[in-house]
Structure formats: C-alpha cells, structure tokens
Amino acid sequence: MSAIKAMALASIREATRMRALHIVLVFAVVAIAAVRVFEAYSPGEEAKFIIDTGINLIRLFGLLSGLMLGAMLIPTEIERKTIHVILSKPVTRGQFLVGKFLGASAVVVGSALVMGAVFLAVYFHRFHASGFNVDVLKATLVVPFELMLFMAIVTFASTFSSQIFVIIFAVSAWILGHVNDFLGILKGSALTTGILHVVGAIIPHFDMFDLTRPLMMGDPVATELVWKPIVYALGWVAVILSFGYLVFNEREF
Amino acid sequence: MSTASAAPQPVVTCVGLTKTYRLALGHELTALSGLNLEVMPREIFGIVGPNGSGKTTTLKLLLGLIFPTAGYCTVLGHHPRSPQGKESIGFMPEGPFFYQHLNGQEVIEFFGQLCGMPKALLRERTETLLSLVGMSARRRVVMSQCSKGMVQRIGLAAAMVNDPSLIMMDEPTSGLDPIGTREIKDLILELREQGKTVLLCSHLLEQVQEICDRVAILHRGELLRVGRVEDILAPVDDTEVVVGGASAEFLAQCKEMGIRIDTAKRDPTLVVPPSVPLFDLIQAIQKDGARLVAVNRFRETLETVFLRSVAAVGQTDSVRGEHD
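Residues numbered from 1 in each chain as written. Chains lettered and ligands numbered in written order. Predicted model: local features only at pLDDT ≥ 70, side-chain atom pairs only at ≥ 80, totals over all residues. Heavy atoms only, no water.

(A) Broad picture of the pairing of strand S9 (residues 222-228) of chain B. Residue and element names in this part refer to chain B. Both strand S8 (residues 214-219) and S9 contribute to a ladder of six bridges, which runs antiparallel. Looking at the pairing, Val215 lines up with Gly227 of S9. Where S8 folds back onto S9 in an antiparallel hairpin, the turn is made up of two residues, including Arg220, whose phi is positive at roughly 50°. (Pairing = 2+ DSSP bridges. Helix = DSSP H or I, 4+ residues; strand = E, 2+ residues; numbered from the N terminus.)

Written out as structure tokens, the structure is:
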C-alpha cells in the first residue's frame, strides 16, 4: 500500500506544480463563472443554458486536464527512464500502475470538483430566488466519475503506446462512448454491423454520465440515474486497470 | 561434526543469459549471448565493453526490466522481478531523470517511501545521504534546474536510500567533473568497506581498473574475459623502452626482432620481450643516434587487454566469415 500511496502522492505533487495545468484550471473557472454573461442569448431558457454550458465546460476542461496528465503518465516515465529506477525498488508493476492512475485521477477529479463548486455557486447566485434545484447538483456530481473512467482509459492506453496515441485512443473512446447507443442500431454490411456491435459492447457508455438531458427536458433526475453511473464507472475502472496490468506486466523497458 | 564454514553464495548469478530482440522485417538482434557470471558479496564488479556490447542489457535483465530469451539470472537469491529481492537493491542508471518539479530532497524521500521506510528513519536517512553526496545546501533545487552532475548525485542518493546490500550502477561517473568523479570513486570504495556489493557498468576502463576487484569484458553481447583485475593484468616480463628521435629504419629493425612498438605517445615506446637482450638494444639506440628517454617494467592496462581481446574476436570473426 505504501508504494501505491507514494506513487500517487508523487504524481499529485508533480501535476499540481505543472504550470500548464494551472492555466487550464484558471481558464476553466473563468469560463464557467462567465457563463451568465451569455445567458441573454437564450431568452426564457437561461437556466437550461447555464446548466448545459456549465456542466459541459466542466467535462471539457476535465478531459483536457486528463489528456495533459495522461499523455505524460507512463510514456514519459519510460522515455526518460524514470521507470527504471522506480521498478528497481520493491514496487510491483501493478502498484506502479494503480499509483499513477490514482494520482492522476485525484488531480483531474479535484479540478472537476473546483470547477463544479464554481458552477454551482454561479447557478445558485442566479436562481436562488426560485429555489435551488438539487437535480443540478446530481448532474454535476457524476461528472468526476466520468472523468475517472476516462483516466482509466488513458492509463490503459499509456501502458502500451506513445503520448500521441494515448491522446488519439482516449479521445476516440470517449467520443464513441457517447454515441455507442447509435452504433448498435446502425445498418450496413454484416461485417460493418458486426464491428459496430463489438465496438459498442467494449467501449464504456459515457452517455450514462450526461444527466443534462433530463434536466433540459424538465424531467426530474431519479436517484438511480446517479448511483448507476457511479457504480458503472467504478466497475469499468477495475476492469480496464486489470487489462492494463496484464499488458504492462509483460512490457519491456 | 564439520567445522568448515559455508562458502559465500553469489549475490548475482547469470546462467546462459541470452537476450534477443525482434526487429522489423523478421530480423533479430542478439544483445546478450549465453552470459555466465557470478558476482560475489562485498566485491566491486565491473562490466566493461564498448557501446552495444550488452552491459546495459545485462543490468536491465538483472532488474527485471526486460526478460531473457534463454537462460536465467538471480539477484540476492531471488527472481529479478521479486519485490523481496529488490528490498536490498539500489540502482543508478546512466543520466538518471527524475520528476522535474520535485527537488532533490523530495526525490530521495519519494524513493524511500516506495521502499516503505518509516517517516522518522527516512528523514534521518535523507539527511545522511544529502550530506554524503554533497547536496545538503542544494536540497531545495528542483530537478529541472539541476546540472547533470547534481542529478547524478541525487540519483546515487536515491539508489542508496534503502541501504541496499547490492548497488548497480550504469556509467556512474557520466557527466561528472574530475572532482565529482573522484568523489564517486571514493564513495564506491567506501561502500565496499561497509560490506556492500557494487556492480557497475562502464566504458571508462581506467576507472574500472582503479576501483574494481573483478571485471567482465563484454563485446557484441559475448563474454570475452572475466576475472580478478590483477589476474587479467598478469605481470609480464616485458620491458618498456621509450626512445626519442629514432629513425624509421631502426624501428623497422626492432619490429623484425619481435619488439612491439606503440607510437600513440610523443616518443615511440618499445615493448621489449625477455628474448631480446636489453644491453644490445640500448647499444643499437645509441648507434642509431636516438635518445634513450626511459626504461621501465612493462605494465599492462585494462585498455590494452580489452583492445587485444576485442581484436582477437575480430580476427576470429573474419576467419569465420571467410569459412562461411
């Protein structure tokens, strides 16, 4: 456990001193805080505009932070040979992988929580007179879990590929994960349909984390729409990291 | 009842250790071929060889970073990937690279935490190591602002944080100035005094000769020689005669007499075998009008042994090539 903790803490410390990450976070906070400036462009639907834009900005900047961290996660350690010294200590490859994932995820989730807090403050300040809609809090709450799942995919990709490929792989998985409900119903040749079905089955359903849709429709956000994605994310994280470990354990440096 | 004490067990054992890399288009590269080696406790063991000879591959195999194609190795009696074995290992790579935003003290503490060291012990150990590698005053400098020599010193401290009994070093003096190099050499000798085993890889033969107890010479992945430095540099009865202003005719005459001539230095050096009477040679020098600069007992260096071993392999290769 101490090795995992040490890896995670070092990753957090390294990440929190990255100037580029500070800039992204400051920019994200400013963008979220400025959402109200543009609400005038959606007259009569200000609440929907603020919720949709605010939550998607958290998601977008969270992904950006995740990619910046993830690209450096393991490929950089291998490229710079830091991993040689780390694995010469009594640290298993599994501990290394889990530590790196936890450290990077903690930073991304932490950033998402800061952005979420700013968003909720903006929303509450704007709509406190009409009462606070707790469903907005629920929709915001699942975003960090989506980002954690995204970080697991980034970690998995970084066990076998270069920085650029990690970015391409993770972004592709995220995009496909948001549309994979459609993949299953697309028609084409038997081969194409088969491939789309397989892709749809092996890529996590990121659309589960998008609770802005019921909010936009004016529907209440049921509690199960919150806990199901959370459990789903944690389950997928375990599966993806297990596969990552299998790949990483056989890798030569 | 037997009174004989048990023979010391080797710290590192390599048996038929082979590593072949698969390259593109079905090609293969054998980086290490059938290495048999034992490193005994409390010795400084050097692996020498030119670039691409298999030195770093050997270290990577011993650390479990890569896997052998054939053969096996054990480190402190454990499989190279066993965390138990690694509890007593320290490794310093060539030109180590640490997290750029951490300072020297944090880097050492990080590696101590990886080893599960208690806080108080780690703090004490970090202080000792920072002082040992001369980085106490510069402990707060972040890695991105450290010179190559400073990083090397932190790398050495990080390798020793868990007080290992076996320390592996890849080109330990790389990037260090002469003072830093001397300090590292002294430190390695001190480690042996403390009862530790040091396994180092280097292409700086003079340094290896100076500090190692035993050496292995690798060339193109094959072990050419292994043994105690003094055995490899066995005393020979040749005499070294340095002459100034010798004519080409005289030097040609010397060659005919079986005298080796080293022209690398300003004045030619004649390596005279015992079969050539020294008195006759000195008379011949006077007759040639050359100047006798010095007469010494010939001392072989690791460099000459290494070059001779490599040259012998080269000749064998070319003979093999002709037969193939």
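Once the structure has been displayed, the description carries forward.
(B) Broad picture of the nonpolar core. Among the nonpolar cores identified, the biggest contains 147 residues, and B:Phe111 and B:Met168 are the most heavily contacted of them. Here the element with the most residues in this core is helix H6 (residues 93-127) of chain A; it accounts for 12 residues. Built from parts of two domains, this core gets at least three residues from each of domain 1 (8-88 + 164-234 + 301-324) and domain 2 (96-163) of chain B. Here B:Met168 is in contact with B:Leu59, B:Leu62, B:Leu63, B:Val75, B:Ile89, B:Gly90, B:Phe91, B:Met92 and B:Leu199, once residues within four sequence places are set aside. Judged by nonpolar contacts, the second largest core, of 12 residues, contains B:Phe250, B:Cys254, B:Leu270 and B:Leu281. (Core = buried A, V, L, I, M, F, W, Y, C linked by side-chain atoms within 4.5 Å. Buried < 20%, exposed > 50% of the residue type's maximum accessible area, 1.4 Å probe, protein only. Domains from an automatic or database assignment. Contact = heavy atoms within 4.5 Å.)

(C) Fine view of the packing of helix H2 (residues 19-33) of chain A against helix H3 (residues 46-73) of chain A. Residue and element names in this part refer to chain A. Remark: H2 packs on H3, axes separated minimally by 10 Å, with the N-to-C direction vectors making an angle of 175°. It follows from the interaxial angle that H2 and H3 lie roughly antiparallel. Contacts between H2 and H3 pair Ala20, Leu21, Val24, Phe27, Ala28, Ala31 and Ile32 from the former with Gly54, Leu57, Ile58, Phe61, Leu64, Ser65, Met68 and Leu69 from the latter. Split into classes, the residues belonging to the contact of H2 with H3 amount to 13 nonpolar, two polar and no charged. (Axes fitted to C-alpha atoms, helices over the stretch in contact; angles between N-to-C directions. Parallel < 35°, antiparallel > 145°, perpendicular 65-115°, else oblique. Nonpolar A, V, L, I, M, F, W, Y, C, P; charged D, E, K, R; others polar.)

(D) Quick peek at the side chain of B:Asn162. When you line up the elements, B:Asn162 lands in the loop between helix H5 (148-160) and strand S6 (166-170). The exposure class of B:Asn162 is buried, given its relative accessible area of 14%. Side-chain polar atoms of B:Asn162 contact the backbone oxygen of B:Ile89, separated by 3.1 Å. In this structure B:Asn162 touches A:Lys89, B:Lys86, B:Glu87, B:Ser88, B:Ile89, B:Cys115 and B:Met117, once residues within four positions along its chain are discounted. (Polar contact = N/O pair within 3.5 Å; in protein donor to acceptor, adjacent residues only side chain to side chain.)

(E) Structural context of the state of the cysteines. All names here are of chain B. Applying the stated criterion across every chain yields a total of zero disulfides over all chains. Cysteine Cys73 shares no disulfide, and the gap to the nearest cysteine sulfur, in Cys14, comes to 5.3 Å. We classify Cys73 as buried; its relative accessible area is 6%. Cys201 carries a free sulfur, and the closest cysteine sulfur to it, the one in Cys212, is 9.9 Å from it. (Disulfide = S-S within 2.5 Å.)

(F) Spotlight on the environment of B:Gly71. Residues and elements named next belong to chain B. Looking at where Gly71 falls in the secondary structure, it is placed in strand S4 (residues 70-75). Among the residues examined, Gly71 registers a relative accessible area of 41% and is labelled partly exposed. Separated by 55 residues in the primary sequence, Gly71 and Gly16 have C-alpha atoms spaced 4.4 Å apart. The residues touching Gly71, leaving out its near neighbours within four places in the chain, are Val15, Gly16 and Leu17.

(G) How the structure looks around the interface of chain A and chain B. Between chain A and chain B, the contact holds 29 residues from the first and 33 residues from the second. When chain A packs against chain B, the two sides together hide about 2,900 Å² of surface, and 59% of this comes from carbon and sulfur. For the chain A face of the interface with chain B, the top three residues by lost area are A:Lys89, A:Pro90 and A:Glu252, together amounting to 22%. Run the count over chain A and chain B and you get three salt bridges. Its salt-bridge partner being A:Arg17, residue B:Glu106 comes within 2.9 Å of it at the nearest N-O pair. (Buried area = accessible area lost by both parts, 1.4 Å probe. Salt bridge = Lys/Arg side-chain N within 4 Å of Asp/Glu carboxyl O.)

(H) Structural detail: a nonpolar patch on the surface. Together, A:Phe124, A:Phe132, A:Val134 and A:Leu137 make up an exposed nonpolar region whose accessible area comes to about 340 Å². If you trace the backbone, A:Phe124 turns up in helix H6. (Patch = residues over 30% accessible without salt bridge, like charges linked within 9 Å, V, L, I, M, F, W, Y side chains within 5 Å. Areas by Shrake-Rupley, 256 points an atom, 1.4 Å probe, with all protein chains shown as cover.)

(I) Expanded view of the pattern of salt bridges. Residues and elements named next belong to chain B. This structure, assessed with the given rule, holds 17 salt bridges over all chains. In this structure, Lys196 and Asp163 form a salt bridge, with 2.7 Å as the shortest nitrogen-oxygen distance. Of this pair, Lys196 sits in the loop between helix H6 (178-193) and strand S7 (197-202) while Asp163 sits in the loop between H5 and S6, and the two are 33 residues apart along the sequence. Of the residues examined, Lys196 reaches a relative accessible area of 10% and is grouped as buried. Overall, the relative accessible area of 45% leaves Asp163 in the partly exposed class. Here Glu210 and Arg182 are joined by a salt bridge, their closest N and O atoms 2.8 Å apart. Highlighted residues: Glu210 in helix H7 (residues 205-211) and Arg182 in helix H6, separated in sequence by 28 residues. The exposure class of Glu210 is partly exposed, given its relative accessible area of 44%. The class of Arg182 is partly exposed, set by a relative accessible area of 33%.

(J) Layout of H2(A). All names here are of chain A. Look at H2: 21 Å from first C-alpha to last across 15 residues, which is about the 21 Å you get at 1.5 Å a residue. Among the residues making up H2, those that are buried are Leu21, Val24, Ala28 and Ile32. Projected onto a plane normal to the axis of H2, the buried residues spread over an arc of 60° and lie on a single side. In H2, those exposed residues whose orientation departs by more than 90 degrees from the buried face are Arg19, Ile23, Val26, Phe27 and Val30. Considering only its buried residues, H2 is in contact with helix H1 (2-16), H3 and H6. (Expected span 1.5 Å × (residues − 1). Arc of directions from axis to C-beta.)

(K) Region of the structure containing the pairing of S8(B). Residue and element names in this part refer to chain B. Along S8, six of the six residues are buried, which leaves the element largely enclosed by surrounding structure. With burial as the criterion, each face of S8 is covered, one bearing Arg214, Ala216 and Leu218 and the other bearing Val215, Ile217 and His219. The pairing of strand S3 (residues 44-48) with S8 spans four bridges and is parallel. Note on S8: the bridge partner recorded for Ile47 is Ala216.

(L) Region of the structure containing H6(B). All names here are of chain B. Compared with the 22 Å implied by 1.5 Å per residue over 16 residues, the 23 Å span of H6 between its first and last C-alpha is a close match. Taken together, the buried positions of H6 are Gly180, Thr181, Ile184, Lys185, Leu187, Ile188 and Leu191. One side of H6 holds all its buried residues, which, seen down the axis, span an arc of 160°. Among the exposed residues of H6, those oriented more than 90 degrees off its buried face are Pro178, Ile179 and Glu193. Residues of H6 that are buried make contact with S3, helix H4 (119-132), H5, S6, S7 and H7.

Remember that the coordinates give geometry; whether it matters functionally is a separate question.
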